[in-house]
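The residues making up each chain are set out below.
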Amino acid sequence: MQPKHTILLVDDDDDFLLQHKIYLSNAGYNVITASSRKEAEDIVKQHKIDCALIDLMMEEADSGFILAYHLKKDNPSLPVIIITSVTGETGIEFKKNGKEHDKWIKADVILSKPVRFEQIEKEIKRLIG
Amino acid sequence: MNIKTLKVWIVDDEPGMCLGAKRAIDKWKETFQDLDTEAIYKVETMESGESFLERLKEDSPNILLLDGRLPGIDGMEVLEKLKDSNQSIVTIMITAYATLDKAVQATKLGAYDFLAKPFTPEELRYALRKASRNVILTEQAKKFEEEKRKVRFNFISVLAHELKSPIGAIEGYINLMKMKQLGENIAAYETMLHRMSQRLYGMRKLIGDLLDLTRIESGSSKRDLKEIKIKPLVEQVMDGYKEEAISRNISLSLICDNEIKMIADSSEIEMLLNNFISNGIKYNKDNGSLKVEVYREKNAIKFIFSDTGIGMTEEEQQKLFKEFSRIKNEKTRNIPGSGLGLSIVEKIVKLYNGKIAVKSIPDEGTTFTVELEDKTI
């Protein structure tokens, strides 16, 4: 039997973590959750992660970006999905297009909340199977 | 002091007039202390209405000195054209043929002021000073409106974000239930249902706090200022939290002289007390204590709220009073709140010309000291 892939979920909203843990576990993944950048970085040191799902966390505006950057730096082949609720209210568009974005946004996919569970599952499957 | 260059254009067919006026005001500086602005004047001259309108295609002045009688298009026509173009130029009519009729006509066409020829350089500068104030004030008012719009947009953006979170969470749980992700048995969904209720409660509280905040901000509700006795009010608020305190074995104590009174709106003081006492319990440790003390100082009432709670770092204290600001760390994870409580408090304190101070040591506790002005002894 194939070993399960491990997904790291990082978001400061506990409900987001609980819901996606339930859905993705039922979908056949091993799920570890973290509510802060620091927690996430500690977890990555102790566990093998196959894919990371990171919320941008607006309270400390750059936590999500910094975490994504660190993860990619330590492991360039680790797929990173960034989820943000920033678009829409502030009018700041986060689209992963253009060379300028590629330079500093270290993510494979950027999704805007609200995202359907099925779509997250689809993206993860696409990145790691 | 802001430094502003004011462009003054002089339109007059008498070259001597233009020269004389230019000499009097070009590169002249004038300070407007109360507007915190120093104006420097830059002058251009034109000999006809036509050349003025031509020049207007590329640039525009702040102040226009316009001769009533010009060859070709006369002063009144120029005024009409300006009125239609909707530019904000302050126009001073300079004319040797001043009649009441002409003055009324010019005013209706938008002229700001009149200067009768011949005039001295001093008279010219006097008229210019008046016009300049108008220009500067109009600009300041526009900037202020812009600022206000920006601040409101920011506030609404953050609010929308704050409400999106709980709505998204509830939607997520409902979708999981629709998918029966935890099976057919409703009992399995107890946690989800509880969490949904929590998030809904949070939204309600947020909206309530928001209404309080805007009500105070806009000054729309009439303040019911009268002499109130402080001790019964504090006791009443503390009573409301007795159950919660008992359930966590947090002891509540109050030191307040029976006779302390102040002229105040009791609902405002109640809001203030509610916020501090609620926080003093929410952020407290089990088996801890919350002490409330009230004293009369010379022209003020002093409230001290000391708890034995989780405390805050210096950095966390900095963010305290910002709207929607909530301290997020391991210790505060499960503590609910809208993030508006202290912003509301801050606005109330301002109404009483008061001040707030906070002292806190992480893991040991926090003390808030609030002083409200009250001149009745």
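Residue positions within a chain follow its written sequence, with the count starting from 1. By the order in which they are written, chains take letters starting at A while ligands take numbers starting at 1. Local features are withheld for residues below a pLDDT of 70 in this predicted model, meaning they are given only at 70 or higher, and side-chain atom pairs are given and counted only at 80 or more; totals for whole chains, interfaces and linings count all residues. Excluded from the side-chain calculations are hydrogens and water; all other atoms, namely the structure's heavy atoms, are used.

Enquirer: Would you explain the confidence of the model for chain B in this entry?
Expert: As a note on interpretation, predicted positions should not be read in detail where pLDDT is low. For every residue, the predictor assigns a confidence score, pLDDT, that lies between 0 and 100. Overall, the prediction assigns chain B a mean pLDDT of 90, with 98% of residues at 70 or greater. Both scores are given for the predicted complex: the pTM is 0.64, the ipTM 0.87.

Enquirer: When you look at the sheet that holds strand β5 (residues 90–95) of chain B in this model, what are you seeing that I'm missing?
Expert: Pairing between the strands of a sheet comes from backbone hydrogen bonds, and it takes one of two forms, parallel or antiparallel. All names here are of chain B. In this description, strands pair whenever DSSP reports at least two bridges between them. Only runs of H or I of at least four residues qualify as helices and only runs of E of at least two qualify as strands under DSSP, and these elements are numbered from the N terminus. Across the sheet, six strands lie side by side as β2-β3-β1-β4-β5-β6; this open sheet has mixed pairing. The open sheet has two edge strands with one neighbour each: β2 (29–32) and β6 (113–116). Strand after strand, the sheet turns through a mean of 25 degrees between neighbouring axes, direction not considered. Here strand β4 (residues 63–67) pairs with β5 via five bridges, running parallel. Its bridge partner lying in β5, Leu-66 is registered against Met-93. Whether two residues touch is decided by their heavy atoms; if any such pair falls within 4.5 Å, the residues are in contact. With axes taken as lines fitted to C-alpha atoms, and helix axes fitted only over the stretch in contact, angles between N-to-C directions fall between 0 and 180 degrees. Here helix α3 (residues 75–85) sits on the sheet in contact with β4 and β5, set at roughly 150 degrees to β4.

Enquirer: Looking at this structure, I do not really get the sheet that holds strand β10 (residues 289–296) of chain B. What am I missing?
Expert: Residue and element names in this part refer to chain B. In space, the five strands of this open sheet follow the order β8-β10-β11-β13-β12, with mixed pairing throughout. In this open sheet, the two edge strands, each paired with only one partner strand, are β8 (251–256) and β12 (355–361). Strand-to-strand twist of the sheet, defined as the mean angle between neighbouring strand axes without regard to direction, takes the value 10 degrees. Pairing geometry for β8 and β10, over six bridges, is parallel. Bridge pairing in β10 places Leu-252 opposite Leu-290. Helix-sheet contacts for helix α11 (residues 341–351) involve β12 and β13 (365–373), and the interaxial angle to β12 is about 140 degrees.

Enquirer: Even after reading the chapter, I still don't get the environment of Gly-168 of chain B, so can you show me in this structure?
Expert: Residue and element names in this part refer to chain B. Tracing the sequence through the fold places Gly-168 in helix α5 (residues 121–178). Throughout, exposure labels follow a simple rule: accessible area from a 1.4 Å probe, protein chains only, divided by the maximum for the residue type, with under 20% read as buried, over 50% as exposed, and the rest as partly exposed. Here Gly-168 falls in the partly exposed class, since its relative accessible area comes to 28%. Spatially, the C-alpha atoms of Gly-168 and Arg-199 are 9.9 Å apart, while their sequence positions differ by 31 residues.

Enquirer: It is not clear to me how the packing of aromatic side chains should be interpreted in this structure. Could you clarify?
Expert: Two numbers describe a pair of aromatic rings. These are the distance of the centres and the angle of the planes. Pairing of aromatic rings covers Phe, Tyr and Trp, the last counted by its six-membered ring, and requires centre-to-centre distances within 6.5 Å; plane angles under 30 degrees mean stacked, over 60 mean edge-to-face, and any other angle means tilted. Taken as a whole and judged by the stated rule, the model has six aromatic pairs over all chains. Measuring from centroid to centroid gives 5.0 Å for Tyr-23 of chain A and Phe-117 of chain A, while their planes differ by 20 degrees, and the two rings are stacked. Here Phe-117 of chain A lies in helix α5 (residues 117–128) and Tyr-23 of chain A lies in helix α1 (residues 14–26), a separation of 94 residues in the sequence. No difference in accessibility class separates Tyr-23 of chain A from Phe-117 of chain A, as the two residues are buried. Plain terms: the ring middles of Phe-303 of chain B and Phe-305 of chain B are 6.5 Å apart, the flat faces sit at 5 degrees to each other, and that makes the pair stacked. Since its relative accessible area comes to 0%, Phe-303 of chain B is described here as buried.

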